[in-house]
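Reading the structure
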Amino acid sequence: MTTKFLLPESELPTHWYNVVADLPSPPPPPLGPDGKPVGLEALAAIFPPALIEQEVSAERWIAIPEEIREIYRLWRPTPLQRAHRLEQALGTPARIYYKNESVSPAGSHKPNTSIPQAWYNKAAGIRRLTTETGAGQWGCSLALAGQLLGLEVRVYMVRVSYEQKPYRRSMMQTWGAEVFASPTTLTNAGRQTLEKHPDTPGSLGIAISEAVEEAAGRADTNYALGSVLNHVMHHQTIIGQEARKQMALAGDYPDMVFGCCGGGSNFAGIAFPFFADKAAGKAVRLVAVEPTSCPTLTKGVYAYDYGDATGLTPLLKMHTLGHDFVPPGIHAGGLRYHGAAPLVSQLVDAGLVEAVAIPQLETFEAGVQFARTEGIVPAPESTHAIAATIRAAKECAKTGEPKVLLVNLSGHGHFDMSSYDRYFSGSLQNYEYPDEAITESLRQLPKVG
Ligand SMILES: *Cc1c(COP(=O)(O)O)cnc(C)c1O
(Lines give C-alpha, C1' and ligand atoms only; values in the text may rest on other atoms or scores of the structure.)
Protein backbone atom coordinates (compact mmCIF):
# COMPACT_ATOMS: atom_id res chain seq x y z
CA MET A 1 0.00 0.00 0.00
CA THR A 2 1.91 3.05 -1.21
CA THR A 3 1.30 6.33 0.62
CA LYS A 4 3.70 8.81 -1.00
CA PHE A 5 4.29 9.19 -4.73
CA LEU A 6 7.61 10.97 -5.14
CA LEU A 7 9.34 12.37 -8.19
CA PRO A 8 13.14 12.65 -8.35
CA GLU A 9 14.59 16.16 -8.82
CA SER A 10 15.38 15.21 -12.40
CA GLU A 11 11.60 15.15 -13.05
CA LEU A 12 11.15 18.79 -11.98
CA PRO A 13 9.19 20.43 -14.83
CA THR A 14 11.25 22.46 -17.29
CA HIS A 15 8.37 24.72 -18.42
CA TRP A 16 5.34 26.47 -16.98
CA TYR A 17 2.05 25.73 -18.73
CA ASN A 18 0.02 28.67 -20.11
CA VAL A 19 -3.69 27.79 -20.15
CA VAL A 20 -4.40 30.66 -22.59
CA ALA A 21 -3.28 28.33 -25.40
CA ASP A 22 -6.24 26.03 -24.65
CA LEU A 23 -8.98 28.55 -23.81
CA PRO A 24 -12.14 28.47 -25.95
CA SER A 25 -11.71 32.20 -26.70
CA PRO A 26 -8.93 34.77 -26.17
CA PRO A 27 -8.92 36.35 -22.70
CA PRO A 28 -10.58 39.79 -22.52
CA PRO A 29 -7.73 42.36 -22.27
CA PRO A 30 -7.12 44.59 -19.22
CA LEU A 31 -8.67 48.04 -19.80
CA GLY A 32 -7.56 51.53 -18.82
CA PRO A 33 -9.89 54.06 -17.14
CA ASP A 34 -10.93 55.21 -20.66
CA GLY A 35 -12.28 51.73 -21.43
CA LYS A 36 -9.54 51.02 -24.01
CA PRO A 37 -7.07 48.12 -23.67
CA VAL A 38 -4.10 49.26 -21.59
CA GLY A 39 -0.77 49.72 -23.32
CA LEU A 40 2.01 47.59 -21.98
CA GLU A 41 3.86 50.81 -20.96
CA ALA A 42 1.28 51.27 -18.21
CA LEU A 43 2.40 47.99 -16.66
CA ALA A 44 6.10 48.78 -17.11
CA ALA A 45 5.99 51.24 -14.18
CA ILE A 46 5.57 48.36 -11.75
CA PHE A 47 6.50 45.07 -13.52
CA PRO A 48 9.67 43.90 -15.36
CA PRO A 49 9.46 43.24 -19.13
CA ALA A 50 9.73 39.44 -18.88
CA LEU A 51 6.71 39.21 -16.58
CA ILE A 52 4.69 41.58 -18.77
CA GLU A 53 5.51 39.34 -21.71
CA GLN A 54 4.29 36.29 -19.77
CA GLU A 55 1.18 38.22 -18.73
CA VAL A 56 0.06 38.66 -22.35
CA SER A 57 1.58 35.49 -23.81
CA ALA A 58 -0.50 32.92 -25.68
CA GLU A 59 2.39 30.42 -25.97
CA ARG A 60 1.51 27.07 -24.43
CA TRP A 61 4.90 26.57 -22.74
CA ILE A 62 7.18 29.07 -20.97
CA ALA A 63 10.72 27.85 -20.24
CA ILE A 64 11.75 28.00 -16.58
CA PRO A 65 15.24 29.55 -16.23
CA GLU A 66 17.74 27.08 -14.76
CA GLU A 67 18.58 29.32 -11.75
CA ILE A 68 14.90 29.29 -10.75
CA ARG A 69 14.76 25.50 -11.05
CA GLU A 70 17.81 25.34 -8.76
CA ILE A 71 15.94 27.25 -6.06
CA TYR A 72 12.76 25.19 -6.63
CA ARG A 73 14.88 22.12 -5.80
CA LEU A 74 15.07 23.28 -2.16
CA TRP A 75 11.59 21.75 -1.73
CA ARG A 76 10.33 20.51 -5.12
CA PRO A 77 9.07 18.19 -6.48
CA THR A 78 6.55 18.10 -3.61
CA PRO A 79 4.97 14.78 -2.55
CA LEU A 80 1.65 13.48 -3.79
CA GLN A 81 0.07 11.49 -1.00
CA ARG A 82 -2.74 8.99 -0.86
CA ALA A 83 -5.05 9.80 2.08
CA HIS A 84 -5.60 6.17 3.13
CA ARG A 85 -6.49 7.07 6.71
CA LEU A 86 -8.94 9.80 5.76
CA GLU A 87 -10.60 7.40 3.31
CA GLN A 88 -10.97 4.83 6.08
CA ALA A 89 -12.40 7.35 8.52
CA LEU A 90 -14.96 8.39 5.90
CA GLY A 91 -15.81 4.81 4.98
CA THR A 92 -15.64 5.85 1.35
CA PRO A 93 -14.76 3.80 -1.72
CA ALA A 94 -13.27 7.01 -3.20
CA ARG A 95 -9.50 7.18 -3.60
CA ILE A 96 -8.29 10.51 -2.22
CA TYR A 97 -4.91 12.00 -3.16
CA TYR A 98 -3.43 15.27 -1.94
CA LYS A 99 -0.59 17.30 -3.37
CA ASN A 100 1.40 18.56 -0.42
CA GLU A 101 2.45 22.15 -1.09
CA SER A 102 2.93 22.77 2.65
CA VAL A 103 6.54 21.53 2.44
CA SER A 104 7.96 24.79 1.01
CA PRO A 105 10.07 26.92 3.39
CA ALA A 106 7.20 29.42 3.72
CA GLY A 107 4.65 26.64 4.26
CA SER A 108 2.52 27.16 1.16
CA HIS A 109 2.47 27.09 -2.64
CA LYS A 110 3.30 30.80 -2.90
CA PRO A 111 7.10 30.54 -3.28
CA ASN A 112 6.40 28.84 -6.65
CA THR A 113 5.73 32.35 -7.97
CA SER A 114 7.64 34.60 -5.53
CA ILE A 115 10.95 33.07 -6.62
CA PRO A 116 10.47 33.65 -10.37
CA GLN A 117 8.99 37.12 -9.78
CA ALA A 118 12.00 38.19 -7.71
CA TRP A 119 14.36 36.59 -10.23
CA TYR A 120 12.92 38.42 -13.27
CA ASN A 121 12.89 41.73 -11.35
CA LYS A 122 16.51 41.31 -10.38
CA ALA A 123 17.40 40.45 -13.98
CA ALA A 124 15.75 43.76 -15.00
CA GLY A 125 17.96 45.74 -12.57
CA ILE A 126 15.28 46.33 -9.89
CA ARG A 127 16.57 46.70 -6.30
CA ARG A 128 13.38 46.75 -4.18
CA LEU A 129 9.96 45.07 -4.25
CA THR A 130 6.74 46.15 -2.54
CA THR A 131 3.76 43.96 -1.93
CA GLU A 132 0.69 43.41 0.22
CA THR A 133 -0.13 40.40 2.31
CA GLY A 134 -3.33 39.15 3.91
CA ALA A 135 -2.76 36.11 6.05
CA GLY A 136 0.99 36.67 5.76
CA GLN A 137 1.72 33.73 3.47
CA TRP A 138 2.52 35.85 0.45
CA GLY A 139 4.58 38.35 2.44
CA CYS A 140 6.65 35.47 3.81
CA SER A 141 7.08 33.96 0.37
CA LEU A 142 8.26 37.23 -1.16
CA ALA A 143 10.53 37.90 1.83
CA LEU A 144 12.10 34.48 1.27
CA ALA A 145 12.56 35.17 -2.43
CA GLY A 146 14.04 38.63 -1.75
CA GLN A 147 16.48 37.10 0.70
CA LEU A 148 17.57 34.29 -1.64
CA LEU A 149 17.98 36.64 -4.60
CA GLY A 150 19.28 39.78 -2.88
CA LEU A 151 16.35 42.23 -3.21
CA GLU A 152 14.86 44.50 -0.50
CA VAL A 153 11.23 43.70 0.27
CA ARG A 154 8.59 45.98 1.87
CA VAL A 155 5.29 44.38 2.88
CA TYR A 156 1.95 46.12 3.54
CA MET A 157 0.16 43.64 5.78
CA VAL A 158 -3.65 43.83 6.22
CA ARG A 159 -4.12 45.23 9.73
CA VAL A 160 -6.37 42.45 11.07
CA SER A 161 -3.76 39.83 10.08
CA TYR A 162 -0.88 41.96 11.41
CA GLU A 163 -2.61 41.82 14.79
CA GLN A 164 -3.74 38.18 14.59
CA LYS A 165 -0.54 36.71 13.11
CA PRO A 166 2.48 38.23 14.86
CA TYR A 167 4.62 35.21 14.01
CA ARG A 168 4.06 35.56 10.29
CA ARG A 169 5.43 39.07 10.72
CA SER A 170 8.48 37.73 12.59
CA MET A 171 9.05 35.20 9.84
CA MET A 172 9.08 37.96 7.19
CA GLN A 173 11.55 39.89 9.34
CA THR A 174 13.70 36.77 9.73
CA TRP A 175 13.96 36.71 5.95
CA GLY A 176 14.90 40.40 6.02
CA ALA A 177 11.67 42.16 4.95
CA GLU A 178 10.16 45.39 6.35
CA VAL A 179 6.51 44.96 7.44
CA PHE A 180 3.80 47.61 8.06
CA ALA A 181 0.17 47.30 9.20
CA SER A 182 -2.06 48.53 6.34
CA PRO A 183 -3.61 51.05 5.98
CA THR A 184 -0.50 53.10 6.80
CA THR A 185 0.14 56.83 6.76
CA LEU A 186 2.99 56.22 4.29
CA THR A 187 0.83 56.45 1.15
CA ASN A 188 -2.04 58.58 -0.15
CA ALA A 189 -4.25 55.49 -0.47
CA GLY A 190 -3.59 54.57 3.16
CA ARG A 191 -4.13 58.09 4.50
CA GLN A 192 -7.41 58.49 2.56
CA THR A 193 -8.75 55.21 3.89
CA LEU A 194 -7.79 56.04 7.48
CA GLU A 195 -9.55 59.41 7.23
CA LYS A 196 -12.82 57.75 6.19
CA HIS A 197 -12.56 54.58 8.31
CA PRO A 198 -10.08 55.02 11.17
CA ASP A 199 -11.04 51.62 12.66
CA THR A 200 -10.87 49.62 9.43
CA PRO A 201 -9.52 46.06 9.75
CA GLY A 202 -7.85 46.76 6.40
CA SER A 203 -8.33 44.66 3.30
CA LEU A 204 -6.21 43.17 0.57
CA GLY A 205 -7.62 45.73 -1.86
CA ILE A 206 -6.40 48.65 0.29
CA ALA A 207 -2.99 47.07 0.92
CA ILE A 208 -2.56 46.51 -2.84
CA SER A 209 -3.29 50.21 -3.44
CA GLU A 210 -0.53 51.15 -1.01
CA ALA A 211 2.07 48.78 -2.46
CA VAL A 212 1.26 49.77 -6.08
CA GLU A 213 1.35 53.49 -5.26
CA GLU A 214 4.83 53.17 -3.77
CA ALA A 215 6.19 51.03 -6.62
CA ALA A 216 4.76 53.34 -9.28
CA GLY A 217 6.47 56.31 -7.59
CA ARG A 218 10.02 54.88 -7.46
CA ALA A 219 12.25 53.83 -10.36
CA ASP A 220 14.27 51.31 -8.33
CA THR A 221 11.12 49.63 -6.99
CA ASN A 222 8.63 47.25 -8.55
CA TYR A 223 5.51 45.57 -7.27
CA ALA A 224 4.85 41.84 -6.92
CA LEU A 225 1.41 40.24 -6.66
CA GLY A 226 0.91 36.81 -5.13
CA SER A 227 -2.14 35.77 -7.13
CA VAL A 228 -4.79 36.90 -9.68
CA LEU A 229 -2.53 37.85 -12.62
CA ASN A 230 -1.89 35.50 -15.54
CA HIS A 231 1.85 35.14 -14.96
CA VAL A 232 1.20 33.99 -11.39
CA MET A 233 -1.21 31.31 -12.66
CA HIS A 234 1.44 30.11 -15.14
CA HIS A 235 4.13 29.81 -12.43
CA GLN A 236 1.84 27.75 -10.20
CA THR A 237 1.20 25.15 -12.91
CA ILE A 238 4.34 23.43 -11.74
CA ILE A 239 2.03 21.91 -9.08
CA GLY A 240 -0.40 20.26 -11.48
CA GLN A 241 2.31 19.14 -13.89
CA GLU A 242 4.05 17.26 -11.10
CA ALA A 243 0.70 15.92 -9.85
CA ARG A 244 -0.15 14.57 -13.32
CA LYS A 245 3.08 12.57 -13.41
CA GLN A 246 2.54 11.40 -9.83
CA MET A 247 -1.05 10.29 -10.49
CA ALA A 248 0.39 8.22 -13.35
CA LEU A 249 2.91 6.69 -10.90
CA ALA A 250 -0.06 5.80 -8.70
CA GLY A 251 -1.78 4.26 -11.74
CA ASP A 252 -4.76 6.59 -11.32
CA TYR A 253 -6.33 9.63 -12.96
CA PRO A 254 -8.59 12.09 -11.08
CA ASP A 255 -12.32 12.31 -11.71
CA MET A 256 -12.36 15.54 -9.74
CA VAL A 257 -9.63 18.07 -8.85
CA PHE A 258 -10.17 20.48 -5.92
CA GLY A 259 -8.39 23.66 -4.89
CA CYS A 260 -9.44 26.48 -2.59
CA CYS A 261 -9.88 29.80 -4.34
CA GLY A 262 -8.86 33.20 -3.00
CA GLY A 263 -7.19 34.94 -5.92
CA GLY A 264 -7.14 31.61 -7.76
CA SER A 265 -3.47 30.68 -7.97
CA ASN A 266 -3.24 27.39 -6.08
CA PHE A 267 -6.44 26.24 -7.75
CA ALA A 268 -5.08 27.18 -11.18
CA GLY A 269 -1.77 25.59 -10.25
CA ILE A 270 -3.22 22.18 -9.65
CA ALA A 271 -6.17 22.36 -12.09
CA PHE A 272 -4.83 23.98 -15.29
CA PRO A 273 -2.53 21.11 -16.34
CA PHE A 274 -5.59 18.85 -16.04
CA PHE A 275 -7.62 21.42 -17.98
CA ALA A 276 -5.22 20.80 -20.85
CA ASP A 277 -6.42 17.16 -20.78
CA LYS A 278 -10.04 18.29 -20.52
CA ALA A 279 -9.59 20.60 -23.52
CA ALA A 280 -8.27 17.53 -25.39
CA GLY A 281 -11.46 15.61 -24.56
CA LYS A 282 -10.70 13.89 -21.27
CA ALA A 283 -13.46 13.78 -18.62
CA VAL A 284 -12.22 15.55 -15.49
CA ARG A 285 -14.11 17.95 -13.22
CA LEU A 286 -12.26 20.95 -11.82
CA VAL A 287 -13.74 22.45 -8.65
CA ALA A 288 -12.76 25.82 -7.12
CA VAL A 289 -13.81 26.14 -3.47
CA GLU A 290 -14.46 29.46 -1.70
CA PRO A 291 -15.92 30.67 1.64
CA THR A 292 -19.62 31.63 1.88
CA SER A 293 -18.41 34.85 3.54
CA CYS A 294 -16.50 35.95 0.41
CA PRO A 295 -18.41 34.21 -2.42
CA THR A 296 -16.63 35.76 -5.39
CA LEU A 297 -17.20 32.98 -7.95
CA THR A 298 -20.62 31.82 -6.76
CA LYS A 299 -22.31 35.18 -6.06
CA GLY A 300 -20.12 37.81 -7.72
CA VAL A 301 -20.61 39.00 -11.30
CA TYR A 302 -18.25 38.42 -14.24
CA ALA A 303 -17.43 42.02 -15.14
CA TYR A 304 -14.60 44.52 -15.49
CA ASP A 305 -13.43 45.79 -12.10
CA TYR A 306 -10.36 47.22 -10.42
CA GLY A 307 -7.92 44.85 -8.73
CA ASP A 308 -7.47 47.18 -5.76
CA ALA A 309 -9.77 49.21 -3.51
CA THR A 310 -9.00 52.71 -4.78
CA GLY A 311 -8.89 52.07 -8.51
CA LEU A 312 -5.16 52.37 -9.28
CA THR A 313 -4.88 49.11 -11.25
CA PRO A 314 -6.13 48.48 -14.78
CA LEU A 315 -9.64 47.01 -15.06
CA LEU A 316 -9.65 43.23 -15.18
CA LYS A 317 -12.54 41.11 -16.43
CA MET A 318 -13.15 38.76 -13.54
CA HIS A 319 -15.68 37.50 -11.05
CA THR A 320 -15.95 40.27 -8.49
CA LEU A 321 -17.93 41.34 -5.44
CA GLY A 322 -17.00 44.97 -6.18
CA HIS A 323 -13.62 46.54 -5.49
CA ASP A 324 -14.77 48.27 -2.31
CA PHE A 325 -16.15 45.05 -0.82
CA VAL A 326 -14.68 44.65 2.68
CA PRO A 327 -15.12 41.03 3.74
CA PRO A 328 -15.80 40.11 7.36
CA GLY A 329 -12.74 39.10 9.41
CA ILE A 330 -13.03 35.38 8.76
CA HIS A 331 -10.09 33.16 9.47
CA ALA A 332 -9.06 32.09 6.03
CA GLY A 333 -7.34 35.46 5.49
CA GLY A 334 -5.99 34.32 2.11
CA LEU A 335 -9.50 33.89 0.73
CA ARG A 336 -10.72 37.42 1.54
CA TYR A 337 -10.17 39.04 -1.86
CA HIS A 338 -13.03 40.77 -3.74
CA GLY A 339 -12.05 39.34 -7.14
CA ALA A 340 -10.69 36.14 -8.66
CA ALA A 341 -8.08 35.51 -11.34
CA PRO A 342 -9.33 36.49 -14.82
CA LEU A 343 -8.22 33.10 -16.20
CA VAL A 344 -10.11 31.16 -13.52
CA SER A 345 -13.11 33.50 -13.89
CA GLN A 346 -13.24 33.01 -17.64
CA LEU A 347 -13.28 29.22 -17.22
CA VAL A 348 -16.01 29.43 -14.57
CA ASP A 349 -18.04 31.69 -16.86
CA ALA A 350 -17.58 29.23 -19.74
CA GLY A 351 -18.83 26.38 -17.53
CA LEU A 352 -15.49 24.55 -17.74
CA VAL A 353 -14.62 25.02 -14.07
CA GLU A 354 -17.14 24.54 -11.24
CA ALA A 355 -17.32 26.71 -8.13
CA VAL A 356 -18.72 25.88 -4.71
CA ALA A 357 -18.92 27.96 -1.49
CA ILE A 358 -18.53 26.32 1.92
CA PRO A 359 -19.40 27.77 5.35
CA GLN A 360 -16.63 28.33 7.89
CA LEU A 361 -17.57 25.69 10.50
CA GLU A 362 -17.64 22.90 7.92
CA THR A 363 -14.16 23.90 6.75
CA PHE A 364 -12.68 23.72 10.27
CA GLU A 365 -14.43 20.41 10.89
CA ALA A 366 -12.76 19.12 7.71
CA GLY A 367 -9.38 20.54 8.74
CA VAL A 368 -9.54 18.82 12.12
CA GLN A 369 -10.60 15.53 10.55
CA PHE A 370 -7.70 15.78 8.10
CA ALA A 371 -5.23 16.54 10.92
CA ARG A 372 -6.54 13.64 13.00
CA THR A 373 -6.23 11.15 10.13
CA GLU A 374 -3.39 12.34 7.86
CA GLY A 375 -1.45 14.17 10.58
CA ILE A 376 -0.93 17.50 8.81
CA VAL A 377 -2.74 20.55 10.24
CA PRO A 378 -3.96 22.32 7.11
CA ALA A 379 -4.07 26.09 6.57
CA PRO A 380 -7.62 27.47 7.06
CA GLU A 381 -7.62 28.27 3.32
CA SER A 382 -6.76 24.69 2.37
CA THR A 383 -9.50 23.32 4.64
CA HIS A 384 -12.03 24.69 2.13
CA ALA A 385 -10.72 22.39 -0.58
CA ILE A 386 -10.52 19.50 1.89
CA ALA A 387 -14.14 20.09 2.98
CA ALA A 388 -15.33 19.92 -0.64
CA THR A 389 -13.31 16.76 -1.18
CA ILE A 390 -14.84 15.20 1.94
CA ARG A 391 -18.34 16.11 0.64
CA ALA A 392 -17.56 14.29 -2.61
CA ALA A 393 -16.06 11.30 -0.78
CA LYS A 394 -19.18 11.03 1.41
CA GLU A 395 -21.30 11.13 -1.73
CA CYS A 396 -19.24 8.18 -3.05
CA ALA A 397 -19.89 6.34 0.23
CA LYS A 398 -23.62 6.69 -0.52
CA THR A 399 -23.50 5.73 -4.19
CA GLY A 400 -20.69 3.18 -3.91
CA GLU A 401 -18.74 4.87 -6.73
CA PRO A 402 -14.95 4.57 -6.34
CA LYS A 403 -14.16 8.07 -7.65
CA VAL A 404 -10.62 9.38 -7.73
CA LEU A 405 -10.36 12.73 -5.94
CA LEU A 406 -7.30 14.98 -6.05
CA VAL A 407 -6.99 17.96 -3.71
CA ASN A 408 -4.35 20.62 -3.38
CA LEU A 409 -3.11 21.01 0.19
CA SER A 410 -2.03 24.59 -0.45
CA GLY A 411 -0.37 25.07 2.93
CA HIS A 412 -0.06 24.09 6.58
CA GLY A 413 -1.77 25.88 9.44
CA HIS A 414 1.09 26.15 11.95
CA PHE A 415 0.71 29.93 12.11
CA ASP A 416 -3.07 29.76 12.22
CA MET A 417 -3.57 27.92 15.49
CA SER A 418 -5.39 30.90 17.04
CA SER A 419 -8.12 30.28 14.45
CA TYR A 420 -8.26 26.61 15.41
CA ASP A 421 -8.44 27.73 19.08
CA ARG A 422 -11.51 29.82 18.33
CA TYR A 423 -13.09 26.90 16.53
CA PHE A 424 -12.47 24.62 19.51
CA SER A 425 -13.85 27.19 21.97
CA GLY A 426 -17.05 27.46 19.92
CA SER A 427 -16.62 31.16 19.16
CA LEU A 428 -16.47 30.78 15.37
CA GLN A 429 -19.66 31.23 13.38
CA ASN A 430 -20.89 30.64 9.90
CA TYR A 431 -21.25 33.84 7.97
CA GLU A 432 -23.05 34.26 4.72
CA TYR A 433 -22.33 37.63 3.15
CA PRO A 434 -25.75 39.32 2.77
CA ASP A 435 -27.03 39.57 -0.81
CA GLU A 436 -28.02 43.23 -0.26
CA ALA A 437 -24.45 44.13 0.73
CA ILE A 438 -23.16 42.45 -2.43
CA THR A 439 -25.72 44.28 -4.57
CA GLU A 440 -24.68 47.56 -2.96
CA SER A 441 -20.98 46.93 -3.55
CA LEU A 442 -21.64 45.91 -7.18
CA ARG A 443 -23.33 49.27 -7.79
CA GLN A 444 -19.85 50.83 -7.59
CA LEU A 445 -18.51 48.78 -10.52
CA PRO A 446 -16.84 50.91 -13.20
CA LYS A 447 -19.11 51.38 -16.24
CA VAL A 448 -17.16 49.78 -19.09
CA GLY A 449 -17.05 46.63 -21.18
C1 LIG B 1 -2.66 32.60 -0.29
C2 LIG B 1 -3.16 31.27 -0.01
C3 LIG B 1 -4.33 30.80 -0.62
C4 LIG B 1 -5.20 31.64 -1.50
O5 LIG B 1 -4.61 32.18 -2.63
P6 LIG B 1 -4.83 31.57 -4.08
O7 LIG B 1 -4.19 32.53 -4.99
O8 LIG B 1 -6.30 31.44 -4.30
O9 LIG B 1 -4.16 30.26 -4.07
C10 LIG B 1 -4.72 29.51 -0.36
N11 LIG B 1 -4.02 28.71 0.47
C12 LIG B 1 -2.90 29.14 1.09
C13 LIG B 1 -2.18 28.21 2.03
C14 LIG B 1 -2.43 30.43 0.87
O15 LIG B 1 -1.32 30.84 1.46
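Side note on the site of the ligand
The immediate surroundings of the ligand are formed by 20 residues, with Gln137, Ser227, Gly262, Ser265 and Gly411 found nearest. For the shell around the ligand, the secondary-structure elements that each account for two or more residues are helix 6 (137-149) and helix 12 (265-279). Class assignment of the residues belonging to the shell around the ligand gives a composition of six nonpolar, 12 polar and two charged.

Points about the pairing of strand 6 (residues 128-133)
Summarising burial for strand 6: five of the six residues are buried, a large majority. The sheet contact formed by strand 6 and strand 7 (residues 152-158) spans six bridges and is parallel. Counted as the bridge partner of Arg128 is Glu152 from strand 7. Following the chain from strand 6 across helix 6 to the adjacent parallel strand 7, one finds a crossover that is right-handed. Pairing between strand 6 and strand 9 (residues 221-223): three bridges, direction parallel. Of the residues in strand 9, the one forming a bridge with Thr130 is Tyr223.

Some words on the sheet that holds strand 10 (residues 256-260)
On the basis of which strands lie adjacent, the open sheet formed by seven strands has the order 1-4-5-15-10-11-14 and mixed pairing. Of all strands in the sheet, those with a lone pairing partner are strand 1 (4-5) and strand 14 (354-358), marking the two edges. Across three bridges, strand 10 lies against strand 15 (residues 404-409) in parallel orientation. Across the sheet, Val257 pairs through a bridge with Leu406, a residue of strand 15.

Things to note about the sheet that holds strand 8 (residues 178-182)
Pairing in this open sheet of four strands is parallel, and the strands run 8-7-6-9 from one edge to the other. This sheet does not close on itself; its edge strands, each paired only once, are strand 8 and strand 9. Each strand of the sheet is rotated relative to its neighbour by a mean of 25°, with strand direction disregarded.

Conventions used here
- Residues numbered from 1 in each chain as written.
- Predicted model: local features only at pLDDT ≥ 70, side-chain atom pairs only at ≥ 80, totals over all residues.
- Near = placed C-beta within 6 Å.
- Helix = DSSP H or I, 4+ residues; strand = E, 2+ residues; numbered from the N terminus.
- Nonpolar A, V, L, I, M, F, W, Y, C, P; charged D, E, K, R; others polar.
- Buried ≥ 20, exposed ≤ 12 C-beta atoms within 10 Å, placed from the backbone.
- Pairing = 2+ DSSP bridges.
- Right-handed = clockwise from strand over helix to strand, strands pointing away.
- Axes fitted to C-alpha atoms, helices over the stretch in contact; angles between N-to-C directions.

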